[in-house]
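Topology and contacts: notes
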Amino acid sequence: MKKIYLLTIVGISLMLASCGHGGQGELVGAYNRKFKNDRIPLGMVYIPPGHTPLGGSDEDITFSQNGPSRMVTISAFFMDQTEISNAEYRQFTNWVRDSIAIAMMGNPQQFMMTPKGNAAAAVGGDKFIDWKKVGPNGANIWRNKGRGGAGAQASQLDGMYYSGLDALPGKKEFDVRKFEYTYAELNMEKAALGHKDPNSKRQDYIDRYTVAIYPDTMVWKTDYSYSQNDPMVRGYYNHPSYDDYPVVGVSWEQAKAFSHWRTKLYDGVATARKLPVGSRSDYRLPAETEFEYAARGGNTKTKYPWGGPYIRNTKGCLQANFKPGRGDYSSDGGIYTVGVRSYFPNDYGLYNMAGNVAEWTITAYNKGASPLLHDLNPNFTYDAGAADSKYKKRKVVKGGSWKDTGYFLQNAVATYEYQDTQRSYIGFRCVSSYPGTDLRR
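Per an unreviewed UniProt entry, the protein chain goes by the name GldJ and belongs to Pedobacter kyungheensis.

Given below as structure tokens:
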């Protein structure tokens, strides 16, 4: 009987080998699930690969000498067509708020995804919130009256509000200091240096963060002395009129946390829909060189995103939101920020790559790093810890803002800000690397 059993197994194996994709025992490869690699993420534009000179192309009035011209090659990537708006960032803060609330209610399983669920967001890595059960923007959680479910448990959420002397009489307001996002990511620089050490562990290369993610709305007061900006403090982030304006008061650390959350948000949907790994998007902040390359719109040595050399078009209209002259903030059509789709886009279809708000990049600011950078996707990074010197916490900021003079709108000009600092004139947008050589091929 044993011989018959063994012969049967051998026979089945031979049949599988001859009839399957393996042919006659030939090497055919183990391919991942196939998909069309031509999907552009929602709200993004495709930036094709190319080589171009980047760096200074005009006067250096600050004598910084931190942007020498050099020829580089940049790989293809996707970039947000606009700066991240208040409404888009509010999706992040609402997600964190609702996730904290679900955990406080002690029964998060009632909001978890079923195997056949659709939209999802990642929680704890392997659990997903079904936002249809939660309701639009957490409406089912925050409803004070209801017949059971989340509405009946609203009293359990009192700890999320200001209380005692911290509360204003007659108002129930969220204590936004409790809106924290916790995440972890693999530090590639650490892994590259130590992964061959037999005594090292993977946990040595994992960085863990807990970030308070609510924008600092007080920047409209703290950035300026003797200026009446109280209405902006009260309304800019929350008033519907500003929904499509760029989010500000967000530090580099918060922008990075948003990028991680955005990746996990899409991963949750991809997991629920059983999409292949290669079809997912990893969102991040752009490198300084990626930002400048995209700002030029495929053109060479242009001074501004719209080309130049002038800051006005042929009709005499200013082409960005900045400070045209001393005491003049309104001649360009905006006193503070303007909507994220204001003015004409550049040749790649990107809006406000100069002016409106300056934007965070992933690049660390170091004037001496330029000669050391590779000419293929050059970038210098350093994740500074809380104990590091403030000089190690400087991050490159690009594009100029609504309060800056025209010089800072130039493609090649870069400034810096500290990674834990929030400003009323700095926002951000995300990029995602293209998983291939060129979408057009």
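With the rule as written, the count across this model stands at 18 salt bridges. Its salt-bridge partner being Asp404, residue Lys403 comes within 3.1 Å of it at the nearest N-O pair. Residues Arg423 and Glu417 are paired through a salt bridge, measuring 3.0 Å at the closest nitrogen-oxygen approach. For Arg423, a relative accessible area of 24% translates into the label partly exposed. Overlapping salt bridges, with partners in common, bring together Glu185, Lys256 and Asp383 in one network.

Let us now look at the side chain of Thr263. In this fold, Thr263 is placed in helix α9 (residues 252-272). On the accessibility criterion, Thr263 (8% relative accessible area) is buried. Setting aside residues up to four positions removed in sequence, Thr263 forms contacts with Ser281, Asp282 and Tyr283.

Ordered by their spatial adjacency, four strands build an open sheet running β12-β11-β10-β13, and the pairing between neighbours is mixed. Whereas interior strands pair on both sides, the edge strands pair on one side only; in this sheet they are β12 (414-418) and β13 (426-427). Relative to strand β11 (residues 394-398), strand β10 (residues 358-364) runs antiparallel, the two sharing three bridges. Bridge pairing links Ala364 to Lys395 in β11.

Here we take up the confidence of the model for the protein chain. Here the protein chain shows a mean pLDDT of 84. Residues at 70 or above account for 78%. Note on residues 144-152: pLDDT is under 50 here. Beyond four places in sequence and across chains, it has nine contacts.

Following Gly308, the chain continues into Pro309 via a peptide bond in cis, with omega recorded as 10°. Mapped onto the elements, Pro309 comes out in the loop between α10 (288-295) and β10. Of note, the phi angle at Tyr226 is positive, near 55°, even though the residue is not glycine. Assessed through its relative accessible area of 89%, Tyr226 is described here as exposed. You will see that Lys301, though not glycine, has its phi angle at about 55°, which is positive. With a relative accessible area of 32%, Lys301 lands in the partly exposed category.

Turning our attention to α10. Summarising burial for α10: seven of the eight residues are buried, a large majority. After α10 finishes, the residue Gly297 shows a positive phi value of roughly 65°.

Basis of the calculations
Residues numbered from 1 in each chain as written. Predicted model: local features only at pLDDT ≥ 70, side-chain atom pairs only at ≥ 80, totals over all residues. Heavy atoms only, no water. Salt bridge = Lys/Arg side-chain N within 4 Å of Asp/Glu carboxyl O. Buried < 20%, exposed > 50% of the residue type's maximum accessible area, 1.4 Å probe, protein only. Helix = DSSP H or I, 4+ residues; strand = E, 2+ residues; numbered from the N terminus. Contact = heavy atoms within 4.5 Å. Pairing = 2+ DSSP bridges. pLDDT = per-residue confidence, 0-100.

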